[in-house]
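Breakdown of the fold
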Amino acid sequence: MDDLNSTRRRPGRPRADGAEPTRDVILRVATDLFARNGFDAVSIRAVADAAGVDVATVHHHAGGKLVLYQSCFAQVFEAERRALEPVIAAAADGDLLAALHRVLDAFVDFLEERPETTGLWLRRWLEPGRHAGLDERYSTPLYEQVERVLAAADKAGVLHEPQPHLAVRSLIWAVHAHAVTALHGDVPADSRFALRAFVHRWLDRMYGRP
C-alpha cells in the first residue's frame, strides 16, 4: 500500500521522496469532495480521511475549512489561467473568429481534463450570497480578458457584440451546465463531441458564419 493510504503521519511531517506533496494531496482530494458535495457537506475529517492524513495535518498544510475551500478555487483558477491566457492573448491578432474558436476549444479541453472545476462553480453559484469574493478573484479576471477582446472587435467593426459581458458569461455557464456529468462518471464520446460542436456552431452563428 502506498504512503497515501498507510499509517497517518504527524502534522507537518514530509512525505517520502518522489511522493506527491502532502498539501497537494489535501487540495486535490478536498477539491473533489467540495465539487461533488458542496461546502457544507464536507468536513475537515472527511478531507483528512480521503488524503490519508490526520486532521491536524490538514490544518497544518491548508488551514481551516474556509481557507481550504478558497485554496481549492485558487488552485483550479491557476490551472485554468495557464490553459487559457495564451490563447486569449493571441485572439487579438489575425482571424478573430478562428481565434475565438481556439479559446473555446481550450476552455472545453480544460473542463474535460479538470471536471472538478465545473462542480466547484455550479455548487458555489447555487448560493450566490455566500463566499463573497470567489468570483472576483477566481473567474472574473479570465472572463474580462475575453470581454475586452469582444468589445475591441465590436468597436473596430470586426464583429457585432454590444454586450460582451453577457455573451461571455452565457456561454461559460452553458458549457459548465452541460459538462457537469463528467464529474460523476465517464461521459460518452458522442456527448462530448456534441457539446463541442454545439458551442462552435454558436460562435459561428453569433459572429458571422452561416
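Residues numbered from 1 in each chain as written. Predicted model: local features only at pLDDT ≥ 70, side-chain atom pairs only at ≥ 80, totals over all residues. Heavy atoms only, no water.

**So, the layout of surface pockets**
Here the second largest pocket defines a volume of roughly 190 Å³. Considering the residues around the second largest pocket, the lining is formed by Glu20, Asp24, Arg28, Thr31, Asp32, Gln75, Arg114 and Glu116. The element contributing the most residues to the lining of the second largest pocket is helix α1 (residues 22-37), with four residues. Partitioning the lining of the second largest pocket into residue classes produces no nonpolar, two polar and six charged. (1 Å grid on protein atoms, 1.4 Å probe; cavity = no way out; pocket = protein on both sides within 12 Å on 5 of 7 lines; lining within 4 Å. Points joined across faces, edges and corners; volume = space filled by probe spheres on them. Helix = DSSP H or I, 4+ residues; strand = E, 2+ residues; numbered from the N terminus. Nonpolar A, V, L, I, M, F, W, Y, C, P; charged D, E, K, R; others polar.)

**Let's talk about helix α6 (residues 116-125)**
Of all ten residues making up α6, seven are buried, and the element is well covered by its neighbours. The set of residues buried in α6 consists of Glu116, Thr117, Thr118, Gly119, Leu120, Trp121 and Arg124. As for α6, its buried residues are in contact with α1, α4 (65-90), α5 (96-113), α7 (134-138) and α9 (164-179). (Buried < 20%, exposed > 50% of the residue type's maximum accessible area, 1.4 Å probe, protein only. Contact = heavy atoms within 4.5 Å.)

**Some points on unusual backbone geometry**
Despite not being glycine, histidine 131 has its phi angle at roughly 55 degrees, a positive value. Position of histidine 131 among the secondary structure elements: in the loop between α6 and α7.

**Observations regarding helix α3 (residues 55-62)**
An α-helical turn contains 3.6 residues, so a residue and the one three or four places further along point in the same direction. For α3, the complete set of buried residues consists of Thr57, Val58 and Ala62. Projected down its long axis, α3 carries its buried residues within an arc of 100 degrees, all on one side. Trailing α3 by a residue or two, glycine 63 shows a phi angle of about 80 degrees, which is positive. (Arc of directions from axis to C-beta.)

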